[in-house]
Amino acid sequence: MNYLAHLFLAQPSTESRVGNLLGDFAKGVVVAELPEPVKNGLFNHRAVDRYTDNHAIVKQLKSLMSAERKRFAGIMLDVVFDHYLIKHWNSFSHLSFEDSSAVYYQSLTQGQALMPEPMQRVTQRVVSQQWFDSYQTLQGIGFALDRIASRIRFDHTFYGSIEEITVHQNEIEKGFLAFFPELQLHVKELRLE
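Relative placement of two packed helices is described by the angle separating their axes and the distance separating the axes. The interhelical angle for the contact between helix H2 (residues 14-22) and helix H7 (residues 97-110), taken along N-to-C directions, is 85°, at an axis separation of 9 Å. As far as their axial angle goes, H7 and H2 are roughly perpendicular. Mapping the contact onto sequence places Thr14, Arg17 and Leu21 in H2 and Val103, Tyr104, Ser107, Leu108 and Gln110 in H7. A breakdown of the residues in the contact of H2 with H7 according to their chemical character gives four nonpolar, three polar and one charged.

A word on the environment of Thr166. Considering the arrangement of structural elements, one finds Thr166 in helix H11 (residues 162-167). C-alpha separation for the pair Thr166 and Val122, spaced 44 residues apart in sequence, amounts to 27 Å.

Another point: the environment of His156. Positionally, His156 belongs in the loop between helix H10 (138-149) and H11. Assessed through its relative accessible area of 23%, His156 is described here as partly exposed. Sequence-wise, His156 and Thr137 are 19 residues apart; in three dimensions their C-alpha atoms are separated by 25 Å. Apart from the residues within four sequence positions on either side, His156 is in contact with Phe72 and Ala149. Polar contacts involving the side chain of His156 include one to the main-chain carbonyl oxygen of Ala149, which spans 3.1 Å. In terms of polar contacts, His156 uses its side chain to reach the backbone amide nitrogen of Phe158, at 3.0 Å.

As enumerated under the stated definition, the model contains four salt bridges in all. Residue Glu164 is joined to Arg69 by a salt bridge in which the shortest nitrogen-to-oxygen separation is 2.9 Å. Of this pair, Glu164 sits in helix H11 while Arg69 sits in the loop between helix H4 (56-62) and helix H5 (73-87), and the two are 95 residues apart along the sequence. Arg69 sits in the buried class, given a relative accessible area of 12%. With a closest N to O distance of 3.1 Å, Lys87 and Glu173 form a salt bridge.

Glancing now at the packing of aromatic side chains. Overall, the coordinates contain 15 aromatic pairs when judged by the stated rule. Here a set of aromatic residues connected by ring pairs shows up, and it is made of Phe8, Tyr51, Phe81, Trp89, Phe92, Phe97, Phe176, Phe179 and Phe180. The ring of Trp131 has Arg147 sitting right over it, with the charged end atom 3.8 Å from the ring centre.

Moving on to the side chain of His6. One can find His6 in helix H1 (residues 3-8). Classification of His6 by relative accessible area gives buried; the value is 0%. Reaching out from His6, the side chain makes a polar contact with the backbone oxygen of Met1 at a distance of 3.2 Å.

To continue, consider H5. An α-helical turn contains 3.6 residues, so any two residues separated by three or four positions project in the same direction. Under the 1.5 Å per step criterion, the end-to-end length of H5 is 21 Å for 15 residues, consistent within 8% with the ideal 21 Å. Among the 15 residues in H5, 12 count as buried, and that is most of the element. Looking only at H5, the buried set comprises Ala73, Met76, Leu77, Asp78, Val79, Val80, Phe81, Asp82, His83, Tyr84, Leu85 and Ile86.

The rules behind each value
Residues numbered from 1 in each chain as written. Predicted model: local features only at pLDDT ≥ 70, side-chain atom pairs only at ≥ 80, totals over all residues. Heavy atoms only, no water. Axes fitted to C-alpha atoms, helices over the stretch in contact; angles between N-to-C directions. Helix = DSSP H or I, 4+ residues; strand = E, 2+ residues; numbered from the N terminus. Parallel < 35°, antiparallel > 145°, perpendicular 65-115°, else oblique. Contact = heavy atoms within 4.5 Å. Nonpolar A, V, L, I, M, F, W, Y, C, P; charged D, E, K, R; others polar. Buried < 20%, exposed > 50% of the residue type's maximum accessible area, 1.4 Å probe, protein only. Polar contact = N/O pair within 3.5 Å; in protein donor to acceptor, adjacent residues only side chain to side chain. Salt bridge = Lys/Arg side-chain N within 4 Å of Asp/Glu carboxyl O. Phe/Tyr/Trp six-rings, centres within 6.5 Å; stacked < 30°, edge-to-face > 60°. Lys NZ or Arg CZ within 6 Å of the ring centre and 35° of its normal. Expected span 1.5 Å × (residues − 1).

Honestly, it's all geometry; don't read function into it.
This is how it looks when you write it as structure tokens:
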């Protein structure tokens, strides 16, 4: 899962939201020293990622990607899942996407002191550039994926991966709609937070 989905699956507090994003920035973090709600959010993040990576629907969707981009298929799906979450927001939340994203941006701003420095830098850009708003379109998802590709330090064929997503968009959307409610139920049953 990508940033928006992790925030969506967090508890409604700044500490939980920070913890649920911390999984992507936890290198060097001493987990035992984290405040309990942040630590529990981190554990929730890890459980979400494990469940997602091992889910049959997600594995099937990854198999749609070309051999050249197979190693990036998980990243591609994580990011485009945020798009489909927004597209079907009203099916999953009683709050509007606009209201929810405003709360998420506010939590990321208020939670800066709880974050390691690399996470602070990224989340400041998330807020100032309003990343979640750009996820509403596949073009915005393509931009986000190319931004990720620009940080890869080895030769790769990840740039332009939105083309493959576009080809398979109907299958990916259908898969997301089957998968995400199962993920929500899994998180609820785990009660890590």
